Amino acid sequence: MFDTMLNLVLFGPPGAGKGTQSQKLIEKYGLMQLSTGDMLRGEIAQGTTLGLEAKTLMAEGKLVPDAVVIGMISNKLDANKDAIGFIFDGFPRTVAQAEALDELLQSKGETISGMIALEVDDEELEHRLLLRGKDSGRPDDANPEVIRRRIKEYNDKTAPVADFYNSQNKLTSINGIGSVEAIFDHICAIIEKWRKAA
Ligand code: B4P
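Residues numbered from 1 in each chain as written. Predicted model: local features only at pLDDT ≥ 70, side-chain atom pairs only at ≥ 80, totals over all residues. Heavy atoms only, no water.

**Observations concerning the site of the ligand**
Condition: In this text, near means that some heavy atom of the residue lies within 4 Å of the molecule or strand in question. Any pair of nitrogen or oxygen atoms within 3.5 Å is treated as a polar contact; in protein, a donor-acceptor pairing is required on top of that, and neighbouring residues in sequence qualify only through side-chain atoms on both sides. Here the Shrake-Rupley method, with its probe set to 1.4 Å, supplies the accessible areas, and only the displayed protein chains count as covering residues. Residues are called lining when one of their atoms sits within 4 Å of a cavity or pocket point, these points coming from a 1 Å grid over the protein atoms alone, where a cavity is a set in which a 1.4 Å probe fits but cannot get out and a pocket is an open set with protein on both sides within 12 Å along at least five of seven lines. Pocket occupancy is defined atom-wise: a molecule lies in a cavity or pocket when more than half of its atoms are within 2 Å of its grid points. Runs of H or I in DSSP of at least four residues are treated as helices and runs of E of at least two as strands, each being numbered from the N terminus. Gly is put with the polar residues, along with every residue not named as nonpolar or charged; the nonpolar set is Ala, Val, Leu, Ile, Met, Phe, Trp, Tyr, Cys and Pro, and the charged set is Asp, Glu, Lys and Arg.
Surrounding the ligand, one finds 29 residues, the nearest of these being Gly17, Thr36, Arg41, Lys62 and Arg150. Between the ligand and arginine 41, the relevant distance is 2.8 Å, taken from an oxygen atom to a side-chain nitrogen or oxygen of the residue. Contacts to the ligand include arginine 150, whose side-chain N or O atom sits 2.6 Å from an oxygen atom. Contact with the protein chains removes 87% of the 1,000 Å² of surface that the ligand exposes when unbound. Cavity membership is defined here by more than half of the atoms lying within 2 Å of grid points; on that basis the ligand lies in the largest pocket. Sorting the residues of the shell around the ligand by element identifies helix H1 (18-29), helix H2 (36-46), helix H6 (122-136) and helix H10 (180-197) as the ones contributing at least two each. Looking at which element gives the most residues to the shell around the ligand, the answer is H2, with four residues. Looking at side-chain class alone, the shell around the ligand contains eleven nonpolar, nine polar and nine charged residues.

**Overview of the side chain of aspartate 140**
Heads up, the condition is: Burial classes follow relative accessibility: with a 1.4 Å probe on protein chains only, a residue under 20% of its type's maximum area counts as buried, one over 50% as exposed, and anything between as partly exposed. Note on contacts: a residue pair qualifies if any of its non-hydrogen atoms lie within 4.5 Å across the two residues.
Mapped onto the fold, aspartate 140 is located in helix H7 (residues 139-142). A relative accessible area of 8% places aspartate 140 in the buried class. Reaching out from aspartate 140, the side chain makes a polar contact with the side chain of arginine 138 at a distance of 3.0 Å. Setting aside residues no more than four positions away along its own chain, aspartate 140 makes contact with Met58, Val146, Ile147 and Arg150.

**Section: the sheet that holds strand S4 (residues 114-119)**
Hydrogen bonds along the backbone pair up the strands of a sheet, which may run parallel or antiparallel. Keep this limit in mind: In this scheme, strands are said to pair when DSSP sees at least two bridges between them. Note on definitions: angles span 0 to 180 degrees between N-to-C directions of axes, and those axes are lines fitted to C-alpha atoms, for helices only across the stretch in contact.
Strand order in the open sheet formed by five strands is S2-S3-S1-S4-S5, and the pairing between neighbours is parallel. The sheet is open, and its two edges are formed by strand S2 (32-35) and strand S5 (171-175), each paired on a single side. Pairs of neighbouring strands in the sheet enclose a mean axial angle of 20 degrees, with direction left out of account. Relative to strand S3 (residues 85-89), S2 is paired through four bridges, and the arrangement is parallel. Looking at the pairing, serine 35 lines up with aspartate 89 of S3.

**Some words on H10**
Definition in use: By this rule the span expected of a helix is its residue count minus one, scaled by 1.5 Å. Note that the arc is computed from the directions linking the helix axis to the C-beta atoms.
Over its 18 residues, H10 extends 26 Å from the first C-alpha to the last, a length consistent with the 26 Å expected when each residue adds 1.5 Å. Listing the buried residues of H10 in full gives Ile183, Phe184, Ile187, Cys188, Ile190, Ile191 and Trp194. Projected onto a plane normal to the axis of H10, the buried residues spread over an arc of 160 degrees and lie on a single side. More than 90 degrees from the buried face of H10, the exposed residues found are Lys193, Lys196 and Ala197. Tucked inside the fold, the buried residues of H10 contact strand S1 (6-11), H1, S4 and S5.

**Quick word on the packing of aromatic side chains**
Selection criterion: Two rings from Phe, Tyr or Trp (for Trp, the six-membered ring) form a pair when their centres sit within 6.5 Å of each other. Planes less than 30 degrees apart are called stacked, planes more than 60 degrees apart edge-to-face, and all others tilted. Here, a charge over a ring is recorded when the distance from Lys NZ or Arg CZ to the ring centre is within 6 Å and its angle to the ring normal is within 35 degrees.
According to the stated counting rule, one finds three aromatic pairs in the structure shown. Consider the rings of phenylalanine 11 and tyrosine 154, whose centres lie 5.8 Å apart with planes at 45 degrees: the pair is tilted. You can see phenylalanine 11 sitting in strand S1 and its partner tyrosine 154 sitting in helix H8 (residues 144-158), a full 143 residues away along the chain. Centroid distance phenylalanine 164 to tyrosine 165: 5.2 Å. Interplanar angle 80 degrees. Geometry classified as edge-to-face. Looking at phenylalanine 164, the relative accessible area reads 16%, which means it is buried. The ring of phenylalanine 184 has lysine 24 lying over it, and the distance from NZ or CZ to the ring centre is 5.0 Å.

**Brief notes about the layout of surface pockets**
This is how it is decided: Grid points are joined across faces, edges and corners, and a volume is the space filled by probe spheres set on the points.
The computed volume of the largest pocket comes to approximately 900 Å³. Of all the elements in the fold, those that place two or more residues in the lining of the largest pocket are S1, H1, S2, H2, H6, H8 and H10. The residue inventory of the lining of the largest pocket, partitioned by class, reads 18 nonpolar, 17 polar and twelve charged.

By themselves, these observations are geometric and do not establish any function.
Have a look at this one:
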């Protein structure tokens, strides 16, 4: 579908709609989603050592160590050499992770096509996550204090990742409030623009 690989970083605070939009992008473009949150929850479900280490941090709304998530992403890239492109969902979450991702892709002759950042205010984020927490079974969605901690972690450690991609002229920010369909259409329009420019 694409002449070159499409590698999209889907960015935004917790609850911004990254996971929701990723599902629709997989269906439309056949891209492979790499969600570090899903991978970590998988490790917890399997009761691995890594999962045990991540469980407490995630339940407290803290980020897990960079080396852990970088290692997971590196393994996935190696295991999916035939993918036509990747959606990085919830990764990178720190500048160190963004630098590591650039290096990993460079070593394969690839690069990030662009970052799309979903902008949603804190009040709406808290509302969405508490709503999801009612039936998601995710401990990090059930407690307002933990949700606020996640938003603070995002502002302190993750927000600078947008500047990292902006300095490479790869950042496009869009409004993440509105219908899921309208936001999806906006994301697709940006991808089409990248595709024409490639
Ligand atoms: P994630 O799994 O990435 O969790 P998230 O940020 O809450 O998910 P997302 O933003 O995808 O949620 P979505 O909008 O789809 O991370 C969980 C934890 O794992 C982190 O706190 C951290 O501890 C750890 N972790 C993960 N990656 C890491 C990394 N790289 N480094 C270190 N630690 C890491 O959904 C939110 C809700 O909003 C849903 O209910 C959805 O239905 C709803 N929604 C979506 N779009 C909407 C819209 N337009 N209108 C109304 N509601 C909407």
